[in-house]
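Structural features, examined
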Amino acid sequence: MIIQDCNTNRMYEEVATQYHAYLEDALTRPKTFDGYYCRLVEEELCKAFNVENAALTTSGSLALSQIALAKGLKAGDEIIVTPYACGGVFMPFAALGLKLKFCDINEYGVIDGDKLASVITEDTKAIVSTGMWGITTDFDKFKDTGLPIISDICQCMFGHYKNTPVAQLNDLTAISFGRRKELPTFGTYGAVLCEDERYLDALEATKFNGMSKKGTYYEYLGFNGEPSEDKAVSCLIALRYRNAWNRRRHEIAEMYNELLSHNGIRYLTPPNYSDINYQKYIVFVDDRNKTRKALNELGVPAKDYYPLSAHQSDLFEGGTFVGVEQFMQNALCLPIDPWYYDEEIRFIVDSLLQVLSNE
């Protein structure tokens, strides 16, 4: 058996009729950017996350950039961020000219809140709270620093921190749509969830090349992040199907948990302050690269998220990060697509057992 990495064909088959109906309607409307479907998605986001406002944009990375600009961060300001994540977590800040200061991660793969104090300097202007693998950070420890917090919940969007939805922890929060996310789409898109209306003008301007809402002057630095109607259609589909798709993701994770625990294989479990949404499914092995290659040869698309850490690049300040090194050595991602069949999950686990028995 060969397991397809992403079953986009199965996703498409499920939504094709509704997707094409929405798309045809969107493409026959006079406004192709930031129009009817973009507004509809923003309304759905407010309902889904129980927040006051939402501003759709073209990626989660751009959403993070918008938040930084809206909070008044500027080139040269120091910001604390995890070095171990998708580049879209830290690159937006570096591209704005901010100085990245890295903090090590804990055994859950997120910034270790107990280590924040040791990396904060008098130049630190903000901290980025990035959820990973479906787990959030220990947010109270971020608040205890007294610094502005940028919330990145792109990998734990529907999670909870101490029973509070993570989308409601901060005044501005970045989310993203994507094929592997809790809101699967045929491409990537993003949004900022906003509880404070005073940020709305900034969010509007920073995704429209910095231009004021009236279009009469440049008020902020900004980008071309104006959302399009055709992409909003895919986002709307993801929101409408999210409950069923995330239920299936949890069903698959529970299958993994049961099969793996019976065979003594350790998998990532959440800390007591957070639940886990299984945006990725992590198992711990002795040598993830060796195990990944062996699984790939058997037809299992296991992944080494993430193969690089930002502190290893000459672009950024280096350092020793024990937590990062351990994750890079031991944390392997098994496929957890909502469209996998039960027999495919059993094949993945059987293949993992076979590989580990031969190591």
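The structure under discussion appears in the preceding block.
Residues numbered from 1 in each chain as written. Predicted model: local features only at pLDDT ≥ 70, side-chain atom pairs only at ≥ 80, totals over all residues. Heavy atoms only, no water.

Relative orientation of the contacting elements helix H1 (residues 8-27) and helix H8 (residues 229-261) amounts to 140°, with a least axis distance of 9 Å. What the angle tells us is that H1 and H8 run oblique. In the packing of H1 onto H8, the handedness of the crossing is right-handed. Two secondary-structure elements touch here, H1 through Met-11, Glu-14, Val-15, Gln-18, Tyr-19, Tyr-22, Leu-23, Ala-26 and Leu-27 and H8 through Glu-229, Asp-230, Val-233, Ser-234, Leu-236, Ile-237, Arg-240, Tyr-241 and Trp-245. Tallied by class, residues from the contact of H1 with H8 come to 12 nonpolar, two polar and four charged. (Axes fitted to C-alpha atoms, helices over the stretch in contact; angles between N-to-C directions. Helix = DSSP H or I, 4+ residues; strand = E, 2+ residues; numbered from the N terminus. Parallel < 35°, antiparallel > 145°, perpendicular 65-115°, else oblique. Left-handed = near helix turned anticlockwise from the far one by under 90°. Contact = heavy atoms within 4.5 Å. Nonpolar A, V, L, I, M, F, W, Y, C, P; charged D, E, K, R; others polar.)

Take the pattern of salt bridges next. Throughout the structure, instances matching the rule amount to 21 salt bridges. A salt bridge links Lys-141 to Asp-114, with the shortest nitrogen-to-oxygen separation between them at 2.7 Å. You can see Lys-141 sitting in helix H6 (residues 139-143) and its partner Asp-114 sitting in the loop between strand S3 (99-102) and helix H5 (116-119), a full 27 residues away along the chain. With its nearest N and O atoms 3.5 Å apart, the salt bridge here joins Arg-292 to Asp-304. Here Asp-304 lies in the loop between helix H9 (288-297) and helix H10 (322-330) and Arg-292 lies in helix H9, a separation of 12 residues in the sequence. Among the residues examined, Arg-292 registers a relative accessible area of 17% and is labelled buried. Residue classification places Asp-304 among the buried positions, given a relative accessible area of 17%. In this structure, a network of salt bridges that share partners links the residues Asp-34, Arg-39, Glu-42 and Lys-207. (Salt bridge = Lys/Arg side-chain N within 4 Å of Asp/Glu carboxyl O. Buried < 20%, exposed > 50% of the residue type's maximum accessible area, 1.4 Å probe, protein only.)

We now examine the side chain of Glu-344. Assignment of secondary structure puts Glu-344 in helix H11 (residues 342-358). On the accessibility criterion, Glu-344 (7% relative accessible area) is buried. Engagement of the side chain of Glu-344 in a polar contact is seen with the side chain of Arg-10, the distance being 3.0 Å. When near neighbours in sequence (up to four residues on either side) are disregarded, Glu-344 contacts Met-1, Ile-3, Arg-10 and Trp-339. (Polar contact = N/O pair within 3.5 Å; in protein donor to acceptor, adjacent residues only side chain to side chain.)

Mapped onto the secondary structure, Lys-101 falls in strand S3. When the C-alpha atoms of Lys-101 and Leu-260 are compared, they prove to be 37 Å apart, with 159 residues separating the residues in sequence. In contact with Lys-101, other than residues within four places in its own chain, are Glu-78, Ile-79, Ile-80, Val-81, Val-119, Thr-121 and Glu-317. A distance of 2.9 Å separates the side chain of Lys-101 from the backbone oxygen of Val-119, its partner in a polar contact.

Of all hydrophobic cores here, the largest spans 122 residues; its most connected members are Leu-45, Phe-49, Trp-133, Phe-177, Leu-260, Tyr-281 and Val-283. With 14 residues, the single largest contributor to this core is H8. (Core = buried A, V, L, I, M, F, W, Y, C linked by side-chain atoms within 4.5 Å.)

A word on unusual backbone geometry. Tyr-305 connects to Tyr-306 through a cis peptide bond whose omega is 0°. One non-glycine residue, Lys-162, lies in positive phi territory at about 50°. On the secondary structure map, Lys-162 appears in the loop between strand S6 (160-161) and strand S7 (164-165). A positive phi angle, close to 55°, is found at Tyr-278, a residue other than glycine. Mapping Tyr-278 onto the fold places it in the loop between H8 and strand S10 (281-284). On the basis of relative accessible area, Tyr-278 is assigned to the buried category, the value being 7%.

Let us look at the pairing of strand S8 (residues 172-177). Buried residues dominate S8, accounting for six of its six residues. Side-chain alternation along S8 places Leu-172, Ala-174 and Ser-176 on one buried face and Thr-173, Ile-175 and Phe-177 on a second face that is also buried. Inspection of the sheet shows strand S5 (residues 149-152) paired to S8 by two bridges, in the parallel sense. Across the sheet, the residue bridging to Ser-151 is Thr-173, located in S8. Looking at chain direction, S8 and strand S9 (residues 189-194) are connected through six bridges and run antiparallel. (Pairing = 2+ DSSP bridges.)

The strand order across the open sheet formed by seven strands is S1-S9-S8-S5-S4-S2-S3, and the pairing between neighbours is mixed. Taken across any chain shown, the strands that pair with only one partner, and hence form the sheet edges, are strand S1 (53-57) and S3. Neighbour to neighbour, the strand axes of the sheet diverge by 25° on average, direction disregarded. In this fold helix H2 (residues 36-49) packs onto S1, S8 and S9, with an angle of close to 130° to the strand it touches most, S1.

Its 20 residues give H1 an end-to-end C-alpha distance of only 23 Å, which falls more than 12% under 28 Å, the value for a rise of 1.5 Å per residue. Along H1, the largest kink reaches about 65° and is centred on Val-15. The set of residues buried in H1 consists of Arg-10, Met-11, Val-15, Ala-16, Tyr-19, Tyr-22, Leu-23 and Ala-26. If you follow the buried residues of H1, they end up packed against H2, H8 and H11. (Expected span 1.5 Å × (residues − 1). Bend = angle between axes of the 7 residues up to and from the residue.)

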